[in-house]
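Coordinate analysis (summary)
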Amino acid sequence: MPVHRKQRSKKPTRSGDRAKTDIRNDHLIFGLLGESIVQSLPIGVIAFDSDLKIIEANSQASKLIKLGDFIDESLAKGTDSPGVPGFDWTKQLKSIMSTGKTREFDSVHYKLNGKTKLLQILCTSLKKAKTARSLGGAVIIEDITEKVDIQRQLANAERLATVGKLASKVAHELNNPMDGILRYINLTMRIIEQKKLEKPKEYLTQCRQGLMRMVHIVSELLEFSRRTYTSLEYVELEQIIEDAVRTMDPRAGACNIRILRNYSRNIPQIRNGNLFQVFFNLIKNALEAMPAGGQLSISTRLAADNTAVVEFRDTGTGFPKEYADAIFEPFFTTKDKGTGLGLAICKDITERCQGRITAENAHGGGSIFTVHLPMADRT
Ligand code: ADP
């Protein structure tokens with residue numbers, strides 16, 4: 001692939017001087033490093049003369065910015081201000097050339113073909129070795145969009161892990177006193193019922209409801225932070241699903257919901273590492289999404305990559321498309337009495353089994369939650 005070499009076009013009219021000829025003759029950067037090396041670099045390299053006219057650029061440079069005749073214009077075309085009001089590339093580059101200093105512009109937002117990339121742009125002046133006379137400069141551009149994104153994700157994961165640890169400690173602390181309070185409320189309720197005191201009974205019922213909700217949240221938090229599996233024996237996948245279905249069956253019946261099953265017979269046994277909790281949460285959510293009745297279809301199959309796929313397809317409300325990622329975040333809920341922990345727990349447990357969980361809206365209404373579980377070698 002040829003190096004993008006700017007021709008001495010007649011169009012650019014900025015004033016010429018001897019430095020321009022020198023930089024061309026010397027083939028700075030490209031000449032010294034060798035064209036093929038510069039060409040294969042994953043970063044953009046552009047050499048320009050003292051009039052800021054681009055002399056040479058590798059092909060990566062033209063993928064990162066809109067290359068024109070002049071470097072300042074090319075940089076300004078995608079961004080005129082890396083975070084500083086009144087920023088001027090021409091002034092910056094000229095000052096770099098006159099002072100001989102190198103400057104780095106970090107996380108510059110650059111718009112190219114409708115997409116904004118984050119670029120790290122290093123500008124340096126180039127001098128003639130013997131006379132130290134400025135010949136122009138070079139701009140080195142790296143696309144750091146992905147790197148910054150990964151850093152953000154890592155920071156987010158660390159933050160979540162810290163919050164998770166803290167939540168687990170708080171949940172442990174709250175568990176015992178809450179249990180005690182609940183017992184005393186129950187005892188008091190019994191006496192109040194015997195004495196037929198209606199008002200205190202009503203107040204205590206309210207207290208108990210609030211407390212039950214707290215107990216529910218704390219127990220889900222504890223489940224979320226639990227690091228060990230309750231059971232590691234090998235079982236049939238459908239047996240775990242059936243256990244979860246059986247638990248929810250009375251509720252489904254009461255809500256006029258039919259639960260259909262279609263199990264594949266060729267799925268090997270699987271380690272029961274809290275998967276019951278995953279299937280239970282998915283069934284519970286499906287039932288809650290069908291308050292006026294409906295149908296939940298649960299199916300299993302073995303994918304070509306030896307992954308067991310369990311699908312929960314309901315005919316409920318579905319969820320807004322923009323919530324597709326958010327619903328797996330801890331504490332995200334659209335329900336009045338929701339905790340927003342069910343799907344976060346499902347994701348956590350599935351990922352600990354080296355699997356993954358996805359959610360999508362079904363054509364014609366309802367939603368589909370799919371759990372992918374790699375089949376480990378039993379040996
Ligand atoms: P919670 O059930 O306490 O709200 P979850 O983490 O289990 O917490 O669910 C988060 C959110 O995901 C729910 O509030 C709901 O908006 C959405 N959701 C989960 N399952 C379904 C489903 N089967 N159909 C539609 N929306 C769902």
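Below is a short write-up of the structure. (Residues numbered from 1 in each chain as written. Predicted model: local features only at pLDDT ≥ 70, side-chain atom pairs only at ≥ 80, totals over all residues. Heavy atoms only, no water.)

Contacts to the ligand come from 19 residues, most closely from N285, T333, T334, K335 and T339. A distance of 2.7 Å separates an oxygen atom of the ligand from a polar atom in the side chain of K335. A distance of 2.9 Å is found between an oxygen atom of the ligand and a backbone nitrogen or oxygen belonging to G340. Coverage of the ligand by the protein chains reaches 95% of its 540 Å² of free accessible surface. Secondary-structure elements contributing two or more residues to the shell around the ligand are α10 (275-288), α11 (342-352) and β13 (367-374). (Near = heavy atom within 4 Å. Polar contact = N/O pair within 3.5 Å; in protein donor to acceptor, adjacent residues only side chain to side chain. Areas by Shrake-Rupley, 256 points an atom, 1.4 Å probe, with all protein chains shown as cover. Helix = DSSP H or I, 4+ residues; strand = E, 2+ residues; numbered from the N terminus.)

Take the packing of helix α5 (residues 71-78) against helix α6 (residues 89-99) next. It is at 9 Å that the axes of α5 and α6 come closest, and there the two elements cross at 140°. Classified by the angle between their axes, α5 and α6 sit oblique to one another. For the pair α5 and α6, the sense of crossing is right-handed. Side by side, α5 and α6 meet where I71, D72, L75 and A76 of the first sit next to W89, T90 and L93 of the second. (Axes fitted to C-alpha atoms, helices over the stretch in contact; angles between N-to-C directions. Parallel < 35°, antiparallel > 145°, perpendicular 65-115°, else oblique. Left-handed = near helix turned anticlockwise from the far one by under 90°. Contact = heavy atoms within 4.5 Å.)

Here we take up unusual backbone geometry. The phi angle at S107 is positive, at roughly 50°, despite the residue not being glycine. Here S107 lies in strand β4 (residues 103-112). According to the relative accessible area criterion, S107 is partly exposed, its value standing at 28%. Non-glycine residue K196 carries a positive phi angle of around 55°. Classification of K196 by relative accessible area gives exposed; the value is 66%. (Buried < 20%, exposed > 50% of the residue type's maximum accessible area, 1.4 Å probe, protein only.)

On the surface, a cluster of nonpolar side chains totalling about 260 Å² of accessible area is made up of L166, V170 and L174. Looking at the secondary structure, you find V170 in helix α7 (residues 145-194). (Patch = residues over 30% accessible without salt bridge, like charges linked within 9 Å, V, L, I, M, F, W, Y side chains within 5 Å. Salt bridge = Lys/Arg side-chain N within 4 Å of Asp/Glu carboxyl O.)

A word on the sheet that holds strand β8 (residues 257-262). Here five strands make up an open sheet; going across it, the order is β8-β10-β11-β13-β12 and the pairing mixed. Each of the sheet's edge strands pairs with one partner strand only, and the pair in question is β8 and β12 (356-361). Mean inter-strand twist for the sheet, computed between neighbouring axes without regard to direction, equals 15°. Taken together, the six bridges between β8 and strand β10 (residues 294-302) define a ladder with parallel strand orientation. Paired with I257 across the bridge in β10 is G294. Helix-sheet contacts for helix α9 (residues 237-254) involve β8, β10, β11 (307-314) and β13, and the interaxial angle to β8 is about 170°. (Pairing = 2+ DSSP bridges.)

Here the focus is the environment of P330. Looking at the element boundaries, P330 is found in the loop between β11 and α11. Its relative accessible area of 19% is what places P330 among the buried residues. Each C-alpha atom of the pair P330 and G342 lies 8.1 Å from the other, and the pair is twelve residues apart in sequence.

With that settled, consider the pattern of salt bridges. Throughout the structure, instances matching the rule amount to eleven salt bridges. The salt bridge partner of R261 is E242, with a shortest N-O separation of 2.8 Å. One end of the pair, R261, is in strand β8; the other, E242, is in helix α9, and 19 residues separate them in sequence. For R261, a relative accessible area of 36% gives the class partly exposed. The partner of K284 in a salt bridge is E288, and the shortest N-O contact between them spans 3.9 Å. Of this pair, K284 and E288 both sit in helix α10, separated by four residues, roughly a single helical turn. Under the relative-accessibility criterion, K284 is labelled buried at 17%. A relative accessible area of 30% means that E288 is categorised as partly exposed. Here the salt bridges share partners, and the residues they tie into one network are R251, K284, E288 and K335.

Before going further, it helps to examine the side chain of T307. Within the fold, T307 resides in strand β11. Looking at T307, the relative accessible area reads 10%, which means it is buried. At 3.0 Å, the side chain of T307 and the side chain of D305 are in polar contact. Other than its neighbours up to four places away in sequence, T307 contacts R301, L302, H372, L373, P374 and M375.

Its place among the elements puts N58 in the loop between β3 (54-57) and α4 (59-64). Judged by its relative accessible area of 0%, N58 is buried. Within the structure, N58 has its side chain in polar contact with the backbone oxygen of V38 (distance 2.9 Å).

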